Amino acid sequence: MLQDVARLWRLLTPRRRGQFLLVVVVMVVASLSEMVSIGTVVPFLGVLASPERWFAMPALRPLIDLLGIHSPSGLVLPLTALFCAAAVLADATRFLLVWATTRVTYGAGADLSIDIYRRTLYQPYSVHVARNSSEVISGIVSKTSTVVSGAYLPLATFLGSALLIVSIVGTLMAIDFVTAVSAFVGFGLLYALFSGVTQRRLVRNGELIAARQTEVMKSLQEGLGGIRDVLIDGSQQVYCEAYQRADLSMRGAEASNSFIGWGPKFAMEALGMVLIAALAWTFRGSPGGLASAIPVLGAIALGAQRLMPALQQGYLSWTAMLGSQASLRETLRLLDQPLPDHAGRPNPPPIPFEREIELRDVGFRYTPGGPWVFRHLDLHIPRGSRVGFKGTTGSGKSTLIDLVMGLLDPTEGDLLVDGQPIGNANRRAWQVRIAHVPQSIFLADTTIAENIAFGLPRDQVDMDRVREAARRAHIADDIESWPSGYSTRVGERGVRLSGGQRQRIGIARALYKKASVIIFDEATSALDSDTEESVMRSIAGLGPDLTLLIVAHRLSTLQGCDRIVEVA
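Residues numbered from 1 in each chain as written. Predicted model: local features only at pLDDT ≥ 70, side-chain atom pairs only at ≥ 80, totals over all residues. Heavy atoms only, no water.

Before going further, it helps to examine the sheet that holds strand 2 (residues 374-382). With antiparallel pairing, 4 strands are arranged side by side in an open sheet as 2-1-4-5. The open sheet has two edge strands, strand 2 and strand 5 (420-421), and neither has a second partner. Across 6 bridges, the pairing between strand 1 (residues 356-364) and strand 2 is antiparallel. Looking at the pairing, valine 362 lines up with leucine 377 of strand 2. With respect to the sheet, helix 14 (residues 397-405) is in contact with strand 1, strand 2 and strand 4 (412-417), its orientation differing from that of strand 1 by roughly 120 degrees. (Pairing = 2+ DSSP bridges. Helix = DSSP H or I, 4+ residues; strand = E, 2+ residues; numbered from the N terminus. Contact = heavy atoms within 4.5 Å. Axes fitted to C-alpha atoms, helices over the stretch in contact; angles between N-to-C directions.)

What follows is the structure, encoded as structure tokens:
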């Protein structure tokens, strides 16, 4: 676990590391103020019980002379004020410590979540195809929050508690060495016993929580993502039961960890009361009786009252770190995702494309031991041509298109543009020239204009360019007939639009990008015949300067193509 925490520290930004170091400084100040607070209890209670004795002490003579005090009763007010000031200072610094700790740790958690999301979005398409999105979403949302509440915050709290315990025990040892050591050893041994007994259970619960978080997210995604089929099939109960199994199991493990963390608190409180009672019984037989021991008893009582919460916080932090160890490791695994060289940089200038796209002796398979999708494939696509791709389901049409777009790398052979091989160094420069119109157009729940200029902030949308793209895609008349025009919101996933309108917005999006190559991947297969004919007329009228690659099942869809490639 310490190795995982060390890795997490190295992943922090320099700014966050500096903030954590400032929090440590506040922890030291809080510990010192706690020492002062406990240390002032003895003179405060002593003056209340026996002012004459304290007035005669040589150690207080400089304070007495400075304040001009002439009688023992005059010491009561200054020492009362000193005790109150020390108590307020101690609580104020602890309040500041809690504020600083939570702000910094949750800020660091936001950094982690943002970094994971960024790294995930930059992963190659082959990585996304090979894993379940629920796992990634759970890591970004749930497990990152678990790391904050179960690693960052508990670690900071544990360090603060350790410093506080040292300062309290040190102060109590100066007041009564034997009692302080006995109390610390007694409390510490009990917490150590609890830790030893529950450690394995905490780790197992943490692994269960991490696994169930992913299952909960998967159940939510599948149930809500396929809500039309769920409603039609009446399969709500199936998804509810899957969610219930995962969620109940996760909550049970969380409850178990919470009980393990808070359970020892009540035993410690009882032990503290017994300790105070035992000390009072012991001191009653000392010279001067119980009255002379009141200052020491008061200081020890206050110290114990401060020590027990600090010990409990330290133990609770330890249990939280053990319980979140599995989530921490999964988060670290997501943070280890490599970033490509172009991450965070503006798009490069487009690669020259004047003559042709070529697939030369290309072979591809998804896994090293898997079946070949293609072997020895050669294909030439001249610039400005209309090429159709036809084949049965599963024949590899979409895989072929992914290779042309640079989303997948050939296992054998090369993708070339004007004779230049496409690889890691120039893949983005090639993809800048490409626009993709899939069968199911993804539309964000925002305005028509923002969906056409997809991926751009609202203040960077060029409305003239949006209108021109909509006109060329033959959707402008529809949009401009609506009351809000280009400011019309489309609803989640475009539910307020017809299939033909969604496809035309997809075409307009491709045209807004000013791409040289537009790929229609089964873009009309879900449309009825009349709508498909209308969309295909829109595609046919896009102009001779564009290279169009059209994937379809039906031969009728490809009638306007210069060449049809059959994928078998």
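And the narrative resumes.
With respect to the helices and strands, the residue arginine 427 is situated in helix 15 (residues 427-431). In contact with arginine 427, not counting residues within four places along its chain, are Gly406, Asp409 and Ile422.

Moving on: helix 19 (residues 499-512). With 14 residues, helix 19 ought to run about 20 Å at 1.5 Å a step, and its terminal C-alpha atoms sit 20 Å apart, in line with that. Counting buried positions along helix 19 yields 12 of 14 residues, so the element is predominantly enclosed. Among all positions of helix 19, only Gly500, Gln501, Gln503, Arg504, Ile505, Gly506, Ile507, Ala508, Arg509, Ala510, Leu511 and Tyr512 are buried. Directly after helix 19, the chain includes lysine 514, whose backbone phi takes a positive value near 55 degrees. (Expected span 1.5 Å × (residues − 1). Buried < 20%, exposed > 50% of the residue type's maximum accessible area, 1.4 Å probe, protein only.)

Turning our attention to the nonpolar core. Core analysis: the largest hydrophobic core is formed by 38 residues, its most contacted members being Ile452, Ile518, Phe520 and Leu542. Counting only elements with at least two residues in this core, the list comes to strand 6 (434-438), helix 16 (448-452), helix 17 (463-472), helix 18 (476-481), helix 19, strand 7 (517-521), helix 20 (529-540) and strand 8 (547-552). The element best represented in this core is helix 19, accounting for 6 residues. In this view, isoleucine 452 contacts Val466, Ala469, Ala470, Ile479, Ile505, Ala508, Arg509 and Tyr512; residues no more than four positions away in its chain are not counted. With 29 residues, the next largest nonpolar core counts Ile351, Leu379, Ile381 and Val417 among its residues. (Core = buried A, V, L, I, M, F, W, Y, C linked by side-chain atoms within 4.5 Å.)

One open sheet holds the 5 strands; their spatial order is 6-7-8-3-9, and the pairing between them is parallel. Sheet topology places strand 6 and strand 9 (563-566) at the edges, where each strand pairs with a single neighbour. The mean inter-strand angle of the sheet, taken between neighbouring strand axes irrespective of direction, is 15 degrees. Direction of pairing for strand 3 (residues 386-390) relative to strand 9: parallel, over a ladder of 4 bridges. In the sheet register, phenylalanine 389 faces strand 9, and the bridge partner there is valine 565. Contacting strand 3, strand 6, strand 7 and strand 8, helix 14 runs over the sheet at an angle of about 160 degrees to strand 8. Its contacts with the sheet place helix 19 against strand 6 and strand 7, and it is angled at close to 175 degrees to strand 6.

Geometric values such as these leave the question of function open.
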